[in-house]
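Structural overview
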Amino acid sequence: MASKLPQIGTNIFTKMSQLASKTGAINLSQGFPNFKVDPLLSKILVEKATEEVHQYTPMSGSPELLSQISTLVEDSYNRKIDYTEEILVTAGATQAIFTTILALIEKGDEVIILDPSYDCYEPAVILAGGTPVRIQLDENFLPDWNKINSSISEKTKMLITNNPHNPSGRVWKSNDIDDLEKIMLDHEHLILLSDEVYEFITFEEKHISIHTREKLYNRTIITSSFGKTFHITGWKMGYLVTPKHLMEEIKKVHQFNVFSVNSVAQATLAEYMKQKDVSKLGAFYQKKRDFFRASMSNSRFELLPCEGTYFQTAKYDSISRENDEAFCRRLAIEFGVATIPISVFNNSGFDQNVIRFCFAKTDETLLKATEKLCKI
Ligand SMILES: Cc1ncc(COP(=O)(O)O)c(C=O)c1O
């Protein structure tokens, strides 16, 4: 049988995590926290599990959770959303992205993806019958808007952006958001899928969300992830925000993809969100970033700017000239630390000899890992 996704094999996160467990290497590869969840969240989960919250919720999500999400968006960005029509609770941002692309992209449509890109965008475009157009970010992992602008044609239906950016940890400044807005306004047929799953994890500067750009509301889908915001990646809970006319199409797919998502998780999150202040999340991870960077100060790695997310990238040219995949494999096997090579996020395989560390780990894990890394 011909494969619908012939290019796709086991993804790099699975490969590196498997290598970490086989070799006993400290796993700084896949992006997930290894510290305990907030005891308040566990307590609410236990309480909710004994309540009558075990049947299907309405398709968009439980009204309590939808209302909490709209409060969060309003508090964070001063945007008022009609939560009965403009929010969809999803099984993680992954499902939000997949469902959106499947609903809105047709055969012949081109979708611009900025590389290095998170790996779930392209397969969804291909399965929808669209054509991915992968455009490389510049050498500092920032967008070259002229290049992006010149790759837009009549066929371009969607632009996918990811800010704060995985894997680079870069965060766009207002001039980038202005340029993006201009491009969108110049190309009226274009839809923006703005992946903002790390929206609350920025450091020196606050994240500028598309929620703050009113002129784009009508053509934008914004995705977020409770996995990132509340340290619960395994729950696979997220949401999207979009205007009614796009939501109607997205829900047609959502209805037959999942219909509705985990009811106990929804009830728990709705209650937790009433009590939790997400504005402290940036400071929480900034401490981890600073601890990681300080512990790496005697290493031969060159740490690159890290403005948001829980990823730190580093160049290793003063250690080795190997390609980044080979270097990461050797780092795990010989030096006991699993990491992620950046070139796998590039369509062209472009290799800048940069690797990614995840610092969403306990100080103890970070200390053990950096001790090893400093000996290289
Ligand atoms: C940029 C980006 N988008 C989307 C996702 C998917 O989020 P979720 O785990 O909520 O599906 C991730 C997860 O790592 C991500 O890094």
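Residues numbered from 1 in each chain as written. Predicted model: local features only at pLDDT ≥ 70, side-chain atom pairs only at ≥ 80, totals over all residues.

Bringing the overall build of the protein chain into the picture now. Per the secondary structure count, the protein chain includes 13 helices and 13 strands. Relative to the globule expectation of 21 Å for 376 residues, the C-alpha radius of gyration of the protein chain, 20 Å, shows essentially globular dimensions. For the protein chain, the spread of C-alpha atoms along the principal axes amounts to about 55 × 55 × 50 Å. Long-range contacts, defined as pairs at least 24 residues apart, comprise 73% of the intrachain contacts of the protein chain with a sequence gap of at least 6. (Helix = DSSP H or I, 4+ residues; strand = E, 2+ residues; numbered from the N terminus. Rg over C-alpha atoms; globule rule 2.2 N^0.38 Å. Contact = placed C-beta atoms within 7 Å.)

Let us look at the nonpolar core. By size, the foremost hydrophobic cluster in this structure holds 91 residues, and its most contacted members are I101 and V337. Of all the elements, helix α4 (residues 92-104) adds the most residues to this core, at eight residues. The residue makeup of this core includes at least three contributed by each of domain 1 (12-37 + 280-374) and domain 2 (39-275). Residue contacts for I101: discarding those within four places in its chain leaves A124, V125 and A128. (Core = buried A, V, L, I, M, F, W, Y, C linked by C-beta atoms within 7 Å. Buried ≥ 20, exposed ≤ 12 C-beta atoms within 10 Å, placed from the backbone. Domains from an automatic or database assignment.)

What follows deals with the packing of α4 against helix α9 (residues 244-257). Between α4 and α9, the shortest axis-to-axis distance is 8 Å and the interhelical angle comes to 115°. Comparing the axis directions of α4 and α9 gives the class roughly perpendicular. In this structure, the crossing between α4 and α9 has a hand that is right-handed. Contacts from Q95, T99, T100, L102, A103 and L104 of α4 reach α9 at L246, E249, I250, K252, V253, H254 and N257. (Axes fitted to C-alpha atoms, helices over the stretch in contact; angles between N-to-C directions. Parallel < 35°, antiparallel > 145°, perpendicular 65-115°, else oblique. Left-handed = near helix turned anticlockwise from the far one by under 90°.)

You can read the domains of the protein chain as domain 1 (12-37 + 280-374) and domain 2 (39-275). The gap between the C-alpha centroids of domain 1 and domain 2 is 26 Å. Where the side of domain 1 that touches domain 2 is concerned, the elements lending two or more residues are α11 (281-295) and β10 (311-315). In terms of residue count, α11 provides more of the side of domain 1 that touches domain 2 than any other element does, five residues in total. For the side of domain 1 that touches domain 2, the residue count by class is 13 nonpolar, eleven polar and three charged. (Nonpolar A, V, L, I, M, F, W, Y, C, P; charged D, E, K, R; others polar.)

Attention shifts here to the sheet that holds strand β9 (residues 302-303). The strand order across the open sheet formed by four strands is β9-β10-β13-β12, and the pairing between neighbours is antiparallel. Only two strands of the sheet have a single neighbouring strand rather than two, namely β9 and β12 (340-341). The sheet contact formed by β10 and strand β13 (residues 354-358) spans five bridges and is antiparallel. Looking at the pairing, Q312 lines up with F357 of β13. (Pairing = 2+ DSSP bridges.)

The subject of this paragraph is the pairing of strand β8 (residues 238-241). Burial along β8 is two-sided: G238 and L240 facing one way and Y239 and V241 facing the other are all buried. Where strand β2 (residues 87-90) meets β8, four bridges bridge the pair, whose relative direction is antiparallel. Looking at the pairing, I87 lines up with V241 of β8. Here four bridges tie strand β7 (residues 220-225) to β8, and the two strands are oriented antiparallel to one another. Pairing of T223 across the sheet is with L240, part of β8.

Pairing is mixed across the open sheet formed by seven strands, whose spatial order is β2-β8-β7-β6-β5-β3-β4. Both edges of this open sheet fall to β2 and β4 (131-136), since each of them pairs with a single strand only. The average undirected angle you get between the axes of adjacent strands in this sheet is 20°.

Right, let's get into the site of the ligand. The environment of the ligand is formed by 14 residues, the closest being G92, A93, T94, N166 and S225. For the shell around the ligand, the element with the highest residue contribution is α4, accounting for three residues. (Near = placed C-beta within 6 Å.)

Here we take up the packing of helix α1 (residues 12-23) against helix α12 (residues 324-335). Relative placement of two packed helices is described by the angle separating their axes and the distance separating the axes. Running from N to C, α1 and α12 cross one another at 25°; their axes reach a closest spacing of 9 Å. The angle between the axes of α1 and α12 places the two elements in the roughly parallel class. For the pair α1 and α12, the crossing hand works out as right-handed. In this structure, α1 contributes M16, L19, A20 and T23 to the contact, and α12 contributes C328, R329, A332 and I333. Partitioning the contact of α1 with α12 into residue classes produces six nonpolar, one polar and one charged.

Our next topic: the confidence of the model for the protein chain. Residue-level pLDDT values for the protein chain average 97, and 100% of them are 70 or greater. Element-level mean pLDDT values for the protein chain span from 88 in α1 up to 99 in strand β6 (residues 191-195). (pLDDT = per-residue confidence, 0-100.)

This part covers helix α3 (residues 63-77). Three- or four-residue spacings in an α-helix give side chains the same orientation, since the helix completes a turn every 3.6 residues. A rise of 1.5 Å per residue sets the reference length of α3, with its 15 residues, at 21 Å; its end C-alpha atoms lie 21 Å apart and thus fit the reference within 8%. Buried within α3 we find L65, L66, Q68, I69 and V73. Along the long axis of α3, the arc covered by the buried residues comes to 160°, so they all point the same way. Elements in contact with the buried residues of α3: β2, β8 and α10 (263-275). (Expected span 1.5 Å × (residues − 1). Arc of directions from axis to C-beta.)

Moving on, we get to the environment of F256. By the element assignment, F256 lies in helix α9. Note on F256: 8 C-beta atoms within 10 Å, which makes it exposed. Between the alpha carbons of F256 and P63 there is a distance of 20 Å; along the sequence they are 193 residues apart.

Moving on, we come to unusual backbone geometry. A cis amide bond, omega 0°, links D115 with the succeeding residue P116. For P116, the position within the fold is in the loop between β3 (110-115) and α5 (121-127). A cis amide bond links N163 to the next residue, P164, at an omega of -10°. One non-glycine residue, F141, lies in the positive phi region at around 65°.

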